[in-house]
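As a plain string of letters, each chain reads:
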Amino acid sequence: MNDNRQTHGIKAIDKIGYALGDMGGILTFSLVNSFLTMFYTDILGIATASITVLMLVARIWDAVNDPMWGAFLDSRRPTKYGRFRPYILGMSVPLAIAAFFMFFKIPGLSEKQYLIYAYVTYIIYGMMYTGVNIPYGSLASVITDDEIERSSLSMWRSVGAGVGGLPAQILLPLFVYSTVAGVGNTAKVLDANKLSIAVGGLSLVTVITFFVHFKLTKERITVSPNQAKSNYNLFRSVRMLMKNKPFIALCGVSMLLICFQMYTQTVYNYLFKNFYEKPGLYSIVTICTYLPMAMFLPVIGKLVRKFGKKEICSAGIAFAAVVNIVMYLFGFTALSANPYLFLVMTFLSGAGQTFLVLEIWAMVMDVIDYHELLSGRREESTAYSFYSFVRKLGQTAAGAGVPAILGIIGYDGKLSNQPAEVIEKLYGIATLVPAIILIALFVILFFGYKFSKKELEKMHAKLQSSDANKIG
């Protein structure tokens, strides 16, 4: 039997189209990272403890919702537009609508009513994001089977995510604050009306971006005829995933990475608003984080081919951990009062993180390939749904952890100016916690993820041999 399917040979248009998929999701998701906690505390007046419980309840529901959606996708026969692309496009409109209402303040409600509203809108948004993100995360493994091309797609996904995060992290901080008069001074506060208008605009752009993504992408890899005829079994798939040790380790790595990203994005917002009293500088944080990505993009492929994904990512995270430890130690000196030095250190930290940020999605495709080697089946959506859920645990750790820690240090969102002792503690929680997260991330990546350059080559050789036997 001859197999004439074109399973690789992607072009620039494929990479751009794939990048647009993550850009579409991150346009609204970055709002959650940067502004949702502050929207709840400063605009809706919800207590930090209540926000923590909200985040935990949402993740309990995700534990049910995410695997169900992944199982549904893997049990469906492909449409004429592919296995995943139609679902990405179809869920983009409800995602955009949910994002808008999540940041919309209904006037005149009580704090309890605002809390109920937050529960409903946040959980619905999470479900819609799952509806888009799981088929999108599964898409790369059916665009190409070539390792270098997959690495390229991973880089372009990171580029798309970076671009998608720019409005929330760079533009919005310049426009969504208003100046109010206090007792003897003025302060910058988050403006509900300005934020709502901005989110509405981003929601519209989200739908347009997903439509272009749908038009530019193509699914090349199909399931085998034998698998297409067989019954899908969720419990069998989960059992095989639990035997996939690289998958488990990478889930831990990704959970800590997104926890670090969300935590710093949220806490840095408070830091620049209250500690440095320069909320506009928060937009520079994103530039400092993503500029290294642009610098390393031209050489990342060469570094991967020469040293391997695990090797360069481990080295980069170790460097970022050291930088964040130094940032924390600055808190014991006058250096912590200099926001520009803080931004320089953020740039260096971003340089260390860049390798993992650019390669993490290629590593996900590697462990999904390993699942096929173990089980003999391509079940991207089930694997990615569990991977996505674990990432959400990282989001929860940050989303619930930030308000919990703010509550511990005494932050009160109803005050336009925080007490001096609270402001002093902001620097400590903005630097020590990220350093601890990065240290844990390095340990799991270096010691727990087995796919070094040589091991990965062996795995792909076995997979190719297995595929050749199936065709023959």
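Not measured: the values here are computed from a predicted model.

Novice: Explain the packing of helix 9 (residues 245-275) against helix 14 (residues 420-448) to me, please; I cannot follow it from the model alone.
Specialist: How two helices pack is summed up by the angle between their axes together with the distance between the axes. Across the interface, helix 9 lies against helix 14 with an axial gap of 9 Å and an inter-helix angle of 165 degrees. If you check the angle between helix 9 and helix 14, you find them roughly antiparallel. Every pair of crossing elements has a handedness; the one defined by helix 9 and helix 14 is left-handed. Looking at the contact of helix 9 with helix 14 residue by residue, the class counts come to 25 nonpolar, 3 polar and no charged.

Novice: Sorry, what's going on with the side chain of S196 here?
Specialist: By secondary structure assignment, the location of S196 is in helix 6 (residues 192-216). Excluding residues that lie within four positions of it along the chain, S196 makes contacts with F100, F103 and F104.

Novice: Can you walk me through helix 2 (residues 48-75) in this structure?
Specialist: Because an α-helix completes one turn every 3.6 residues, residues spaced three or four positions apart along the sequence face the same direction. Across its 28 residues, helix 2 extends 41 Å between first and last C-alpha, which sits within 8% of the 40 Å expected from 1.5 Å per residue. Its axis deflected by about 35 degrees at D62, helix 2 carries its strongest bend there.

Novice: What exactly am I supposed to notice about the pattern of salt bridges here?
Specialist: Pairing is possible between side chains that carry opposite charge, provided their charged atoms lie close to one another. Inspection of every chain in the model, using the stated rule, returns 8 salt bridges. Between D14 and R220 there is a salt bridge, and its shortest N-O distance comes to 3.1 Å. With D14 in helix 1 (residues 12-43) and R220 in the loop between helix 6 and helix 7 (225-229), the pair connects residues that are 206 residues apart, well separated along the chain. When its relative accessible area of 9% is taken as the criterion, R220 is described as buried. Measuring nitrogen to oxygen at the nearest pair gives 2.6 Å for the salt bridge that ties D62 to R59. Here R59 and D62 lie together in helix 2, a separation of 3 residues that amounts to about one turn.

Novice: Explain the environment of P279 to me, please; I cannot follow it from the model alone.
Specialist: Within the secondary structure, P279 is located in the loop between helix 9 and helix 10 (282-307). Given the relative accessible area of 8%, P279 is considered buried.

Novice: Sorry if this is basic, but what is going on with the confidence of the model for the protein chain here?
Specialist: Caution applies to low-pLDDT regions: their predicted coordinates should not be interpreted in detail. Model confidence for the protein chain is summarised by a mean pLDDT of 86, while 93% of its residues fall at 70 or above. Across the protein chain, helix 11 (residues 309-329) holds the top mean pLDDT of 96, while helix 7 sits lowest at 49. Of the regions scoring below 50 in pLDDT, residues 1-5 engages in 4 contacts with residues more than four places distant in sequence or in other chains.

Novice: Would you explain the environment of V53 in this entry?
Specialist: In this structure, V53 sits in helix 2. Residues V53 and A404, 351 residues apart in the sequence, show an inter-C-alpha distance of 9.5 Å.

Novice: In this structure, what is going on with unusual backbone geometry? I would like to understand it.
Specialist: Outside of glycine, negative phi angles account for most residues, and trans bonds account for most peptide bonds. In the Ramachandran plot, E277 falls in the positive-phi region, its phi being about 55 degrees despite a non-glycine side chain. Mapped onto the secondary structure, E277 falls in the loop between helix 9 and helix 10.

Novice: I tried to follow helix 12 (residues 339-375) on my own but got confused; where do I start?
Specialist: With 37 residues, helix 12 ought to run about 54 Å at 1.5 Å a step, and its terminal C-alpha atoms sit 52 Å apart, in line with that. At I360, helix 12 shows its strongest bend, of approximately 45 degrees. Near the N-terminus of helix 12, the side chain that reaches the backbone nitrogen of Y340, with its oxygen 2.9 Å away, is that of N338. G376 sits one or two residues past helix 12 and shows a positive phi near 80 degrees.

Basis of the calculations
Residues numbered from 1 in each chain as written. Predicted model: local features only at pLDDT ≥ 70, side-chain atom pairs only at ≥ 80, totals over all residues. Heavy atoms only, no water. Axes fitted to C-alpha atoms, helices over the stretch in contact; angles between N-to-C directions. Helix = DSSP H or I, 4+ residues; strand = E, 2+ residues; numbered from the N terminus. Parallel < 35°, antiparallel > 145°, perpendicular 65-115°, else oblique. Left-handed = near helix turned anticlockwise from the far one by under 90°. Nonpolar A, V, L, I, M, F, W, Y, C, P; charged D, E, K, R; others polar. Contact = heavy atoms within 4.5 Å. Expected span 1.5 Å × (residues − 1). Bend = angle between axes of the 7 residues up to and from the residue. Salt bridge = Lys/Arg side-chain N within 4 Å of Asp/Glu carboxyl O. Buried < 20%, exposed > 50% of the residue type's maximum accessible area, 1.4 Å probe, protein only. pLDDT = per-residue confidence, 0-100. Polar contact = N/O pair within 3.5 Å; in protein donor to acceptor, adjacent residues only side chain to side chain.

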